[in-house]
Amino acid sequence: MNTSDISKAQGHWVLAKMGKKVLRPGGRELTNKLVEGLSISSTDDVVEFAPGLGYTASLAISKRPKTYTGVDADLEAAKRLRGIINHNGYQIIHGNAAETPIDTGCKSKVYGEAMLTMHADHRKSEIIKEAHRILKKGGLYAIHELGLTPNTISDELKATIQKDLAVAIKVNARPLTQQEWSELLEKEGFRIKSIDTNAMHLLEPSRIIQDEGFFGALKIGFNILTHSDARKRIVEMSKIFRKHAKHMNSIAIVAEKI
Ligand SMILES: C[S@@+](CC[C@H](N)C(=O)[O-])C[C@H]1O[C@@H](n2cnc3c(N)ncnc32)[C@H](O)[C@@H]1O
């Protein structure tokens, strides 16, 4: 959550600093579909990769699973969440989702949002492999990530989008097409159960109100207006998201370990 130099901070932490809580590309709407698709119940052992600020963690925990384990690589985020989630089999681990201390084949549901996109394809595969390792057979793995569209998008345009995103959000984001996300999961031993998509409207005013509520959006707007360094970054991000709006979307996939 390093925001000591706003001009260099990762885009999601700049938004978090301005008060934004929903940091995933498809917003609450796609998150709700992901949570529905997982059908979390009191018999489930749930793992969340990269809970970040804990928005989806609270949704998952509201279903009263038997256990909940969040794994986040950011020490500050993990510490903050530990202050909120630390009781009755609900725990937060500070660590890398690609190599967790979780036992093999003991979990029934695993999910992660806006985190695979941040990694190169071989790192994405390592994280997907880890989800596969810790899940029981028949267990579900759900992802909510940044997508590229259509499936036939040219390599040239893909490279331009990746370069623009790296400059704007200061993360080497590597979004994939629906076909590529599906193949990545299938390659590691998952069967696709459902796919939902949404527009990539993370910074559009209507989505901010939908995700954060009217007063939340008002507070974020005020914070942006009164912090010129963050405003500059957010305007840059917004420009890039709009420039590539036709070719970027958000995608949620629920897959089953076979
Ligand atoms: C864009 S934020 C998304 C947070 C949250 N999932 C959400 O959608 O609001 C990215 C988060 O992923 C975490 N992260 C990235 N790579 C990770 C990894 N390999 N293992 C665990 N956490 C990771 C970061 O620390 C950060 O909290």
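Now for a look at the structure at hand.

Rules behind the numbers
Residues numbered from 1 in each chain as written. Predicted model: local features only at pLDDT ≥ 70, side-chain atom pairs only at ≥ 80, totals over all residues. Heavy atoms only, no water. Salt bridge = Lys/Arg side-chain N within 4 Å of Asp/Glu carboxyl O. Helix = DSSP H or I, 4+ residues; strand = E, 2+ residues; numbered from the N terminus. Buried < 20%, exposed > 50% of the residue type's maximum accessible area, 1.4 Å probe, protein only. Core = buried A, V, L, I, M, F, W, Y, C linked by side-chain atoms within 4.5 Å. Contact = heavy atoms within 4.5 Å. Patch = residues over 30% accessible without salt bridge, like charges linked within 9 Å, V, L, I, M, F, W, Y side chains within 5 Å. Areas by Shrake-Rupley, 256 points an atom, 1.4 Å probe, with all protein chains shown as cover. Near = heavy atom within 4 Å. Polar contact = N/O pair within 3.5 Å; in protein donor to acceptor, adjacent residues only side chain to side chain. 1 Å grid on protein atoms, 1.4 Å probe; cavity = no way out; pocket = protein on both sides within 12 Å on 5 of 7 lines; lining within 4 Å. Sits in = over half its atoms within 2 Å of the grid points.

**Re the pattern of salt bridges**
Summed over all chains, the structure comprises 14 salt bridges. Residue D44 pairs with K109 through a salt bridge whose shortest N-O separation is 2.9 Å. Separated by 65 residues along the polypeptide, D44 in the loop between α2 (27-38) and β1 (45-49) and K109 in strand β4 (residues 107-113) bring together distant segments of the chain. Taking the relative accessible area as the measure of exposure, D44 reaches 5% and is therefore buried. The closest approach of N and O atoms between E188 and K129, which form a salt bridge, is 3.7 Å.

**Regarding the nonpolar core**
Generally speaking, nonpolar side chains in soluble globular proteins are found buried as a group. Among the nonpolar cores identified, the biggest contains 33 residues, and L165, I234, M237, F241 and M248 are the most heavily contacted of them. Within the residue set of this core, elements represented by two or more residues are α1 (11-17), β5 (135-148), α6 (155-169), α9 (214-226) and α10 (228-243). Per element, the largest residue contribution to this core is 5 residues, and it comes from α10. Those residues in contact with I234 that lie beyond four places of it in its chain are V14, L15, M18, L203 and I224.

**A few points about a nonpolar patch on the surface**
On the surface, a nonpolar cluster with roughly 460 Å² of combined accessible area is contributed by I209, F214, F215 and L218. Within the secondary structure, I209 is located in helix α8 (residues 205-212). Residue class for I209 comes out partly exposed when judged on its relative accessible area of 42%.

**As for the site of the ligand**
Around the ligand, the structure places 20 residues, and the nearest of them are A50, D72, A97, E113 and H119. In this structure, a nitrogen atom belonging to the ligand sits 2.7 Å away from a main-chain N or O atom of A50. Against a free-state accessible area of 590 Å², the protein chains account for coverage of 94% of the ligand. The pocket occupied by the ligand, as judged from atoms lying within 2 Å of grid points, is the largest pocket.

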